[in-house]
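# Results of the structural survey
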Amino acid sequence: MKPAPFDYYAPATISEACQLLSEASGGATVIAGGQTLMPLLNLRMSQPFILVDINNTAEMKGISAVDGGIRIGPATRQYEVLESELLVERLPLLVEAVRHVGHHQTRNRGTVGGSIALGEPAAELPACAVALGATIDIASVRGTRQVPASEFYLGPFMTVLEPDELVTGITFPAWPAGHLPLFSELAQRPGDFALVGVVGALALEAGKISRAGIAWMAMGPTPLKATAAEQLLLGKSLAEIDPQAVAEAAVAETAPFDDKRTSAEYRRTVGARLLARALRELTAQGEAA
Amino acid sequence: MSNHKIELTINGRQYSGDVEARTSLADFLRDDAGFTGVHLGCEHGVCGACTITVDGRAVRSCLMLAVQANGATVVTAEGLAAEDGTLHPVQQVMMEEHALQCGFCTPGVVMTLASLTGEGKQCSQAQIEGAMSGHICRCTGYQGIRRSAARLAYDAMGDSAQQGGDA
Ligand code: FES
C-alpha cells in the first residue's frame, strides 16, 4: 500500500460530486481513469484527504451529438473514442490523436476528461481541444460556466479550474463533413508524450480553406493555438499552400522550453518540419483528389 | 481514511473483502486474494507486469483501486489455464515460441494477448504489436513475444492479420 490515507467517495451525480468538492475546501482530488493520478498517489506526490471518483457518475459518460457539435463526457474512456463511429465520421482528428495517448492498457481505463483536465502541455487531447475550438463545461456548487479550451490552460498542469470545480463535459463544435484532420508528432517511443507535435483540422469550401484550427503540443507552457498559421491558410486552395512559410510562421509564435526530454531549439526545428510535412501530405491528397 | 466492502469475481469465483480506500487492486489481488501471478514491477503504470483484465479489458492493476473493482469481473494469469492444467492458447503459443526468459513480465503479456485474441475476437498483427508497447521486458526477449503475437493474430484472422489496423 503506497498512497497516503484518504477517504473515498463515488458520487452518483454531478451535484453530489460538487458538494463533496465544496465541503473538502481544497483537500479533495477527482479521480477519473487514474492513469496519471494513481502514480502520483503511489509516489505521494499527491496526498488528498478525499478522493472523489467520478466513474459511477452516469452523467459524466458518453459521446453524443448535441446541438452544434459533439459532447464528450469527461469520464468517457479513451478506448471509447477509438470505437466511436460518430467521432470517426465527424471528428477524425480525435480518433487519430487517441491512438497516440499512452498504451492500449492505459486507454482502456484512462479518460478523455482526465487528459483534458490534467493540462500536460505535451499531451494530445488538450491540443486537439484547442485546435478544434472545444468548450470545457465546468460545474461547482456555485454554478456552471463554459470556458473555451484556448483559455482553459494557464501553464504546465495548471488550468482555470478552482479546487471546488469539476469538468462536466467537453463540447467540440461541428466541423464540416469531409474536413481534413492533421496530426503529426514525434515521441521517443510509441505511447510516450510528444517531444513536439502539431494537430489540426482544415475545412474546404468551393476548393478554398474556409476554416482552419491548428495547435501545438510541447511548444510552450500550454497547448498553443497557431493563429498566424491559420490566417495564412484561410482562403487558399490546398495547391496554393506554402507549407514551409506556414510552418515558419507557426513556429515564430511558440515558446518552447528546454527540459530533460529535449531542447527548445530541437522543438523549433522539428516542429517546423512536422507541420510543413503534414501540410505537404494534405496538398498531395488535394492533388490526388 | 475510509474502509469499503467489495465483492468481485476473480477467475470465475466470488470474492469479498474489506479494503482500505487506498489499497490498489494489485495489492488486493496479491495479498488478500492470493493471486501472486499479478506481478508488481514499477507500481506506477510504466512496466505492464501487473496487467489483468477487468470486465474483459486489459488494464494495469497498479493503477486501479480495489474499491473501484467492486462488482467487476477480474481475470489474472492464474485464471487462464483449464482446471486440468491444459494451457490457454496464448500460454501454449508463448511456450512454443520461447516467449519468456525470467518470466517476470510474462503474466502481464499473457493477459494483454489473451484479452485481444479471445474467442470471436479479430485483431490484426499491427493492433497486437501496438498493444505490446504497453509491456516492458527487461530480458529484452521481445522477438519471442512478437512471434507469439504474430501467430495469435494469424490464428484469429488468417492472412488478413497482416493488413491494416492500428494500436
Ligand atoms: S506494476 Fe503496474 S505497470 Fe508496472
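This is a predicted model, so every value here is computed, not measured.

## Quick look at the overall build of chain B
A count of helices and strands for chain B gives 5 helices and 5 strands. Helices and strands appear in chain B in the N-to-C order β-β-α-β-β-β-α-α-α-α. Taking 2.2 N^0.38 as the reference for a compact globule, 167 residues should give roughly 15 Å; the C-alpha atoms of chain B span a radius of gyration of 16 Å, in line with that estimate. Dimensions along the principal axes, computed over C-alpha positions, put chain B at roughly 50 × 30 × 30 Å. Within chain B, the proportion of its 167 residues that are buried is 54%. Counting only contacts in chain B whose residues sit at least 6 apart along the sequence, the fraction spanning at least 24 positions is 56%. Roughly 7,500 Å² of accessible area belongs to chain B as shown, and the carbon and sulfur atoms make up 47% of that amount.

## A few points about the environment of glycine 119 of chain A
Residues and elements named next belong to chain A. Relative to the assigned elements, glycine 119 resides in the loop between α7 (112-118) and α8 (124-132). Given a relative accessible area of 1%, glycine 119 falls into the buried group. Distance in space between the C-alpha atoms of glycine 119 and alanine 250 is 21 Å, their sequence separation being 131 residues. Contact partners of glycine 119, with chain neighbours within four places excluded, come to Tyr153, Gly155, Pro156 and Phe157.

## Structural notes on the side chain of histidine 88 of chain B
Tracing the sequence through the fold places histidine 88 of chain B in the loop between β5 (73-75) and α2 (89-96). Setting aside residues no more than four positions away along its own chain, histidine 88 of chain B makes contact with Leu80, Ala81 and Ala114 of chain B.

## Side note on unusual backbone geometry
Residue and element names in this part refer to chain A. Located in the positive-phi region is phenylalanine 157, a residue other than glycine, with phi close to 60°. Under the relative-accessibility criterion, phenylalanine 157 is labelled partly exposed at 48%. Although it is not a glycine, alanine 206 sits at a positive phi angle of roughly 50°. Mapping alanine 206 onto the fold places it in the loop between β12 (196-205) and β13 (208-217).

## Some details on the interface of chain B and chain A
Contacts between chain B and chain A engage 30 residues on the former and 33 residues on the latter. A per-residue breakdown of the area chain B buries against chain A is headed by Arg22, Arg57 and Leu63 of chain B, which together make up 26% of the total. Between the two partners, chain B and chain A, sit 1 salt bridge. A salt bridge links glutamate 83 of chain A to arginine 57 of chain B, with the nearest nitrogen and oxygen atoms 3.1 Å apart. Joining chain B to chain A, the criterion identifies 15 residue pairs in polar contact (both at pLDDT 80 or more). Residue assignment for the side of chain B that touches chain A shows that the elements contributing at least two residues are β4 (57-60) and α3 (106-117) of chain B. It is β4 of chain B that provides the largest number of residues to the side of chain B that touches chain A, a total of 4 residues. A class-by-class count of the residues in the side of chain B that touches chain A yields 12 nonpolar, 11 polar and 7 charged.

## Focus: the domain arrangement of chain B
It is common to report an interface's size as the accessible area lost on association of the parts. All names here are of chain B. Domain parsing of chain B yields domain 1 (1-79) and domain 2 (81-167). The interface is formed by 18 residues belonging to domain 1 together with 14 residues belonging to domain 2. Between domain 1 and domain 2, roughly 1,100 Å² of surface is buried when both sides are summed, and carbon and sulfur atoms account for 60% of that area. Area buried by domain 1 at its contact with domain 2 is led by His39, Thr51 and Ala77, which between them contribute 36% of it. Applying the counting criterion to the domain 1 and domain 2 interface returns 0 salt bridges. Connecting domain 1 to domain 2 are 4 residue pairs in polar contact (both at pLDDT 80 or more).

## Regarding the environment of glycine 45 of chain B
All names here are of chain B. One can find glycine 45 in the loop between α1 (25-32) and β3 (51-54). Separated by 14 residues in sequence, glycine 45 and valine 59 place their C-alpha atoms 9.6 Å apart. Setting aside residues no more than four positions away along its own chain, glycine 45 makes contact with Arg60, Cys62 and Leu63.

Reading guide: rules and limits
For every chain, the first residue of its written sequence is number 1, and the numbers climb from 1 along that sequence. Think of it this way: whatever chain is written first is A, whatever ligand is written first is 1, and the rest follow in order. Per-residue local features are limited, in this predicted model, to residues with pLDDT of at least 70; the limit for side-chain atom pairs, both in listing and counting, is 80 or more; totals at the level of whole chains, interfaces and linings are taken over all residues. Computation of side-chain values covers all heavy atoms of the structure but excludes hydrogens and water. Helix numbering and strand numbering both begin at the N terminus, where a helix is a DSSP run of H or I of at least 4 residues and a strand a DSSP run of E of at least 2. As a reference, a globule follows 2.2 Å times the number of residues to the power 0.38, and the radius of gyration itself is taken over C-alpha atoms. A simple rule labels every residue: compare its accessible area, found with a 1.4 Å probe on the protein chains alone, to the largest value its type can have, and call it buried under 20%, exposed over 50%, or partly exposed in between. Contact between two residues is taken to exist if any of their heavy atoms lie within 4.5 Å; hydrogens are not considered. Computed with the Shrake-Rupley method and a 1.4 Å probe, the accessible areas treat only the protein chains shown as cover for residues. The term buried area denotes the loss of accessible surface (1.4 Å probe radius) that occurs when two parts are joined, taken as the sum for both partners. One side-chain nitrogen of Lys or Arg within 4 Å of one carboxyl oxygen of Asp or Glu is enough to make a salt bridge. Contacts described as polar in this section are N or O atom pairs within 3.5 Å, which, within protein, must combine one atom able to donate a hydrogen with one able to accept it, while residues neighboring in sequence count only if both atoms come from side chains. In this classification, the charged set is Asp, Glu, Lys and Arg, the nonpolar set is Ala, Val, Leu, Ile, Met, Phe, Trp, Tyr, Cys and Pro, and all remaining amino acids, among them Gly, are polar. The start and end points of each domain follow an automatic or database-based domain assignment.

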